[in-house]
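Per-entry structural report
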Amino acid sequence: MSDDDFLRVADVSKWYGDEQVLEDVSFEMDRGDVTVLIGPSGSGKSTMLRCVNRLAEAQEGSILLDGEEVLSPDLDVDDLRREVGMVFQGFNLFAHLSARGNVALGPRRVLGLSDADAGERAEEQLDRVGLADQLDSYPAELSGGQKQRVGIARALAMEPKLMLFDEPTSALDPELIGEVLEVMHGLVDEGMTMLVVTHEMSFAREVADEVVFLDEGRVVERGPPDQLFERPDEERTGRFLERIASHD
Amino acid sequence: MASATRPTTVRERVAESDRSVGRLLLVAAGALFWGWLVVSWVNRWVGGVLVPVGQPLVPPGAVEATLAGVPGLAAYAADAAFVVELTPEFARGTWLTVVITAVSLGLGFVIAVPLAVTRVYGRVSAWVSLAYTELLRGTPLLAQLFVLYYGLNLASYVPGALSGVFARNVVWVAILGFTLNGAAYQAEYIRGALESVEEGQITAGRAIGLSKLETIYYVVLPQGLRYAIPSWTNEFVYLIKYSSLAAFITVPELYYRADQIASETFRYTLIFVLTGVMYLALVLTASKVMARVEGAVAIPGLGAERGE
Ligand SMILES: Nc1ncnc2c1ncn2[C@@H]1O[C@H](COP(=O)(O)OP(=O)(O)OP(=O)(O)O)[C@@H](O)[C@H]1O
Ligand SMILES: [Mg+2]
């Protein structure tokens, strides 16, 4: 644990009512790192991600992002969210806006760009995810893979320094997963810092600097993908990996 | 737009032409109705350029003479002339009905949107808004009008600058009553529609740094208000008809005038059938217009588009 970690999650605990969903979770990331969170359903992966951009409030612990305490009550959460992009399992696109409108909304209303500049930025980002030809399509007119790429472009348009992905491919038909992973690979190559919840093991193996295995709100084990996937220290990790491997 | 699929079978073509004849008749009737109203109103505002104020657009005598010469219609000539004689009164009453409905609906909407938003997203304000809607929806509209009119004697408080706008100050009382009451109903419809906007979109709005209010304004309302159009149209239609309750506080709108003419002439059936036709024309216009609006603002791909 060094002082210049880009993201440092330390002993984070969270309760929903009486139920503890995160217990002393800790991990660190350097700038440009890709960390993959895995774990069974209900283990707290989404909650952990949401604590980083304060969509959920952790009650204990510390999350330092670029030296700033995310959990500080004085922090302006809207400022924080400007710098942390999030991509959702269910896409969550704004149904009444075209692809361009979805991506431009943040730059226009949060960053205060003019309509023209926000529109231009939206076009750049949609081009970046390979949707230059779908600028004027509405979410209901797009395939799942296209929707998720709009979702990624929407987050990128804020020029975030950290991207959170919550199972970005879980809601997709198998044949559409590839196009989304391809965009994510592109981001890795550009040096984006990414915290990703996913069960795409090949993606984790190829790009993750570290894999963190969560179970019942606790970090059971973490380490580089080769080690964690091939020689897990914990029996529970091995069992979980076998289970998801048999689903593939 | 050229339609891609043309009816093929004879039966389809007959059905198609029946539909277009029906539509043509409806459009013609609508044009006649609104043409008559607008020309009557304009004539009154410009001080009787076409015909003296208070006179029918066509002379009743001429109508009677014409019809008398047509075999089969001669028996109705006198009635027709009687109806034509009444048209200026009906036009004036309908004008007030339209104004009261439109103004109350518009003002009510302005109140209803924040009411609905606080109902869905507020904490303390949700209870205030709930109390308001339940109170206004749970008591008779007529009783509300009477409280404003007799109980608070609001008509006497209309400021001088406004008192000349309508012939009687009670029009303001009626507008206030319908606004407050309609807002409660509109808020209920809008609330239901806001709740149907997926939670995930609100999360997404928050995640890009929009505040809660901004998310409501830029994400929830544009969708919720669209989804509310069909049920909101019901409130529009109800208000057109409920506006007749203003007659009970002496507002000279359509129903009030019809009632007066009927009690002077004793032609109750004829007059109230005619009055019903006026309301029907207004209601049909409202629902047709709103259907158009719904189609025009439909979100592409969501299936609310109406093929015209
Ligand atoms: N808003 C909430 N209120 C109460 N409990 C919640 C809430 N959100 C999540 N939980 C609970 O917290 C626990 C962790 O949930 P979380 O969604 O973080 O798990 P997850 O690892 O993302 O699971 P999945 O793989 O199913 O997405 C679960 O037991 C869940 O029921
Ligand atoms: Mg989850």
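Residues numbered from 1 in each chain as written. Chains lettered and ligands numbered in written order. Predicted model: local features only at pLDDT ≥ 70, side-chain atom pairs only at ≥ 80, totals over all residues. Heavy atoms only, no water.

Looking at an unreviewed UniProt entry, one finds chain B named Amino acid ABC transporter permease and attributed to Halorubrum yunnanense. Checking UniProt for chain B, the heading Subcellular location (unreviewed entry) contains the comment "Cell membrane". Recorded in UniProt under Sequence similarities (unreviewed entry), the annotation for chain B is "Belongs to the binding-protein-dependent transport system permease family." (UniProt positions renumbered as here; feature names shortened; annotations may be inferred.)

Per an unreviewed UniProt entry, chain A goes by Amino acid ABC transporter ATP-binding protein and derives from Halorubrum yunnanense. A UniProt comment under Sequence similarities (unreviewed entry) is attached to chain A, and it reads "Belongs to the ABC transporter superfamily." What the UniProt record of chain A gives under Subcellular location (unreviewed entry) is the line "Cell membrane".

Next up on the list: the overall build of chain A. Each helix and strand counted, chain A has nine helices and ten strands in total. The C-alpha radius of gyration of chain A comes to 18 Å, within 12% of the 18 Å expected for a compact globule of 248 residues. On the principal axes, the C-alpha backbone points of chain A span a range of 55 × 45 × 35 Å. Expressed as a percentage of its 248 residues, the buried residues of chain A come to 58%. Of the contacts made within chain A by residues no fewer than 6 positions apart, 63% connect residues no fewer than 24 positions apart. (Helix = DSSP H or I, 4+ residues; strand = E, 2+ residues; numbered from the N terminus. Rg over C-alpha atoms; globule rule 2.2 N^0.38 Å. Buried < 20%, exposed > 50% of the residue type's maximum accessible area, 1.4 Å probe, protein only. Contact = heavy atoms within 4.5 Å.)

To continue, consider helix α9 (residues 212-242) of chain B. Between its first and last C-alpha atoms α9 of chain B spans 37 Å; for 31 residues at 1.5 Å apiece the expected length is 45 Å, and the helix comes up short by more than 12%. Of all the bends in α9 of chain B, the largest measures some 55° and sits at Ile229 of chain B, one to four residues before the proline Pro230 of chain B. (Expected span 1.5 Å × (residues − 1). Bend = angle between axes of the 7 residues up to and from the residue.)

Before going further, it helps to spend a moment on the side chain of Thr179 of chain B. All names here are of chain B. Within the fold, Thr179 resides in helix α7 (residues 170-195). Judged by its relative accessible area of 5%, Thr179 is buried. Polar side-chain contacts of Thr179 include one of 2.6 Å to the backbone oxygen of Ile175. (Polar contact = N/O pair within 3.5 Å; in protein donor to acceptor, adjacent residues only side chain to side chain.)

On to the UniProt feature "domain: ABC transporter" (unreviewed entry) in chain A, then. Residues given the UniProt feature "domain: ABC transporter" (unreviewed entry) here are residues 7-241 of chain A. Secondary structure content for residues 7-241 of chain A is 38% helix and 25% strand, while the C-alpha to C-alpha distance between its ends is 26 Å.

Either a parallel or an antiparallel arrangement is found when strands of a sheet pair, and the pairing is made through backbone hydrogen bonds. Residues and elements named next belong to chain A. Sheet architecture is open: six strands sit in the order β6-β7-β8-β3-β9-β10, paired in mixed fashion. Since the sheet does not close on itself, it has two edges, and those belong to β6 (84-87) and β10 (218-223), each with one partner. Sheet twist, expressed as the mean angle between neighbouring strand axes with direction ignored, is 15°. The sheet contact formed by strand β7 (residues 162-166) and strand β8 (residues 194-197) spans four bridges and is parallel. From the neighbouring strand, Leu164 faces β8, where its bridge partner is Leu195. (Pairing = 2+ DSSP bridges. Axes fitted to C-alpha atoms, helices over the stretch in contact; angles between N-to-C directions.)

This brings us to a nonpolar patch on the surface. On the surface, Val38, Val39, Val42, Trp45, Val46, Val49, Leu50, Leu57 and Val58 of chain B cluster together into a nonpolar patch covering about 800 Å² of accessible area. Summarising the element assignment, Val58 of chain B is placed in the loop between α1 (10-45) and α2 (60-68). (Patch = residues over 30% accessible without salt bridge, like charges linked within 9 Å, V, L, I, M, F, W, Y side chains within 5 Å. Areas by Shrake-Rupley, 256 points an atom, 1.4 Å probe, with all protein chains shown as cover. Salt bridge = Lys/Arg side-chain N within 4 Å of Asp/Glu carboxyl O.)

Once that is clear, we can look at the site of ligand 1. Residue and element names in this part refer to chain A. Surveying the vicinity of ligand 1 reveals the residues Tyr16, Glu19, Val21, Pro40, Ser41, Gly42, Ser43, Gly44, Lys45, Ser46, Thr47 and Glu167. Within the contact set of ligand 1, an oxygen atom lies 3.2 Å away from a side-chain nitrogen or oxygen of Glu19. When ligand 1 sits alone it has 640 Å² of accessible area, and the protein chains cover 60% of it. Elements with a minimum of two residues in the shell around ligand 1: β2 (19-29) and α1 (45-52). By residue number, the principal contributor to the shell around ligand 1 is α1, which donates three residues. Class assignment of the residues belonging to the shell around ligand 1 gives a composition of three nonpolar, six polar and three charged. (Near = heavy atom within 4 Å. Nonpolar A, V, L, I, M, F, W, Y, C, P; charged D, E, K, R; others polar.)

Time to look at the UniProt feature "transmembrane region" (unreviewed entry) in chain B. All names here are of chain B. Here the UniProt feature "transmembrane region" (unreviewed entry) sits at residues 21-42, 62-84, 96-121, 141-158, 236-256 and 268-287. Each end of residues 141-158 is marked by a C-alpha atom, and these two atoms are 21 Å apart; helix forms 61% of the span and strand 0%. Summarising residues 236-256: 48% helix, 0% strand, and an end-to-end C-alpha distance of 20 Å.

Next up on the list: a negative patch on the surface. A cluster of acidic residues, Asp117, Glu120, Glu124 and Asp127 of chain A, forms a negative patch at the surface. Assignment of secondary structure puts Glu120 of chain A in helix α4 (residues 115-128). (Lys, Arg positive; Asp, Glu negative; His and termini not counted. Charge placed at Lys NZ, Arg CZ, Asp CG, Glu CD.)

Moving on, we come to the pairing of strand β9 (residues 210-215) of chain A. All names here are of chain A. Summarising burial for β9: six of the six residues are buried, a large majority. Neither face of β9 is open: one carries Glu210, Val212 and Leu214, the other Val211, Phe213 and Asp215, and all of them are buried. Bridge count for strand β3 (residues 34-38) against β9 is four bridges, and the pairing is parallel. Residue Thr35 lies in a different strand from β9, and its bridge partner there is Glu210.

It is worth spelling out the packing of helix α3 (residues 77-121) of chain B against helix α4 (residues 124-138) of chain B at this point. All names here are of chain B. Contact geometry for α3 and α4: axes closest at 7 Å, N-to-C directions at 125°. As the angle between them shows, α3 and α4 are arranged oblique. Judged by the twist between their axes, the crossing of α3 over α4 is left-handed. Taking contact as the criterion, the partners of Leu115, Thr118 and Arg119 in α3 are, on α4, Ser125, Ala126, Ser129, Leu130, Tyr132 and Thr133. Its residues assigned to classes, the contact of α3 with α4 comprises four nonpolar, four polar and one charged. (Parallel < 35°, antiparallel > 145°, perpendicular 65-115°, else oblique. Left-handed = near helix turned anticlockwise from the far one by under 90°.)

The subject of this paragraph is the sheet that holds strand β4 (residues 60-65) of chain A. Residue and element names in this part refer to chain A. Spatially, four strands are ordered β2-β1-β4-β5 in an open sheet, and the strand pairing comes out antiparallel. Sheet topology places β2 and β5 (68-69) at the edges, where each strand pairs with a single neighbour. Taken together, the seven bridges between strand β1 (residues 7-16) and β2 define a ladder with antiparallel strand orientation. When the sheet's bridge partners are listed, Val12 is paired in β2 with Val25. Running over the sheet, α1 touches β1, β2 and β4 and is turned about 60° from β2.

Interfaces are often sized by the accessible area lost when the parts come together. At the junction of the two partners, chain A supplies 22 residues and chain B supplies 22 residues. Carbon and sulfur atoms supply 67% of the area that chain A and chain B bury against each other, a total of about 1,900 Å² over both sides. Taken as a group, Phe94, His96 and Arg109 of chain A account for 29% of the area that chain A buries against chain B, more than any other trio of residues on that side. Summed over the shared surface of chain A and chain B, the number is zero salt bridges. (Buried area = accessible area lost by both parts, 1.4 Å probe.)

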